[in-house]
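The residues making up each chain are set out below.
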Amino acid sequence: MSKKPERKLDEKSSGEQSSPPGSPMVERFLIPSPVPTRRTRTYSQSERARAGPVYHGRMKSFCRHQGHGFIIPNEGNEPIFVHISDIEGDIVPVEGDEVSFKRCPVPPKFEKFCAVHVMITRFKEGVQHERWDSTPNPHDHD
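Here's a quick rundown of the structure. (Residues numbered from 1 in each chain as written. Predicted model: local features only at pLDDT ≥ 70, side-chain atom pairs only at ≥ 80, totals over all residues. Heavy atoms only, no water.)

### Describing the sheet that holds strand S3 (residues 55-63)
Strand order in the closed barrel formed by five strands is S3-S4-S5-S7-S6, and the pairing between neighbours is mixed. In this sheet, neighbouring strand axes are inclined to one another by 50° on average, regardless of whether the strands run parallel or antiparallel. With two bridges connecting them, strand S5 (residues 80-83) and strand S7 (residues 112-122) associate as parallel partners. Residue pairing across strands places Val82 opposite Ala115, the latter belonging to S7. Along the sheet, helix H1 (residues 43-51) makes contact with strand S6 (98-106) and S7, crossing S6 at roughly 140°. (Pairing = 2+ DSSP bridges. Helix = DSSP H or I, 4+ residues; strand = E, 2+ residues; numbered from the N terminus. Axes fitted to C-alpha atoms, helices over the stretch in contact; angles between N-to-C directions. Contact = heavy atoms within 4.5 Å.)

Quick look at the structure:
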């Protein structure tokens with residue numbers, strides 16, 4: 001049996017293939033993200049996060065275009081990463097929104113955490129909020 005050679009992502013075939021936006025490339029090969037998003041978390045990781053305590057904080061930043069942001073927890077000052085797939089509800093969070101969330105450790109060392117099951121608990125006053133099903137504002141690329 002001959003071993004099938006690895007194909008680089010920039011090579012085209014009958015089904016065109018390209019790297020996802022924002023994906024890091026090393027020597028033209030895609031490196032999987034270490035951040036466990038809702039789609040890539042295992043069942044046990046999801047259940048541990050769901051059973052964990054609820055934390056509170058405020059949105060430091062969130063970019064709908066890039067699909068991620070950061071939360072400043074009330075119990076500390078180091079920002080916690082949040083992925084777009086872990087935001088619950090119909091409203092896009094903005095800087096200053098108060099949120100509740102659970103934490104999930106990030107591999108490979110499991111020393112840092114990302115926010116999961118994020119819910120907006122209080123909207124920042126005086127700011128217009130978008131719905132996920134609305135057309136994104138092309139000028140909002142924070």
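What follows continues from the structure just given.
### Some remarks on the environment of Ser100
Locating Ser100 in the fold gives a position in strand S6. Spatially, the C-alpha atom of Ser100 lies 5.6 Å from that of Tyr55, the residues being 45 residues apart in sequence. Setting aside chain neighbours within four positions, we find Ser100 in contact with Val54, Tyr55, His56, His117, Val118, Met119 and Thr121.

### Considerations on unusual backbone geometry
Trans is the prevailing form of peptide bonds, just as negative phi is the prevailing case for residues other than glycine. Phi angles above zero are rare outside glycine, and Phe110 is one such case at about 55°. With respect to the helices and strands, Phe110 occurs in the loop between S6 and S7. With relative accessibility at 43%, the residue Phe110 sits in the partly exposed group. The phi dihedral of His117 falls on the positive side, at around 50°, and the residue is not glycine. Relative to the assigned elements, His117 resides in strand S7. (Buried < 20%, exposed > 50% of the residue type's maximum accessible area, 1.4 Å probe, protein only.)

### Here's the deal with the nonpolar core
Core analysis: the largest hydrophobic core is formed by 14 residues, its most contacted members being Ile71, Val82, Val99, Phe101, Ala115 and Val118. For this core, the elements supplying multiple residues, two or more each, are S3, S5, S6 and S7. If we ignore the near neighbours within four places in the chain, the residues touching Ile71 are Gly57, Arg58, Met59, Lys60, Glu78, Pro79, Ile80, Val82, Val99, Phe101, Ala115 and Val118. Judged by nonpolar contacts, the second largest core, of five residues, contains Ala49, Cys104, Val106 and Cys114. (Core = buried A, V, L, I, M, F, W, Y, C linked by side-chain atoms within 4.5 Å.)

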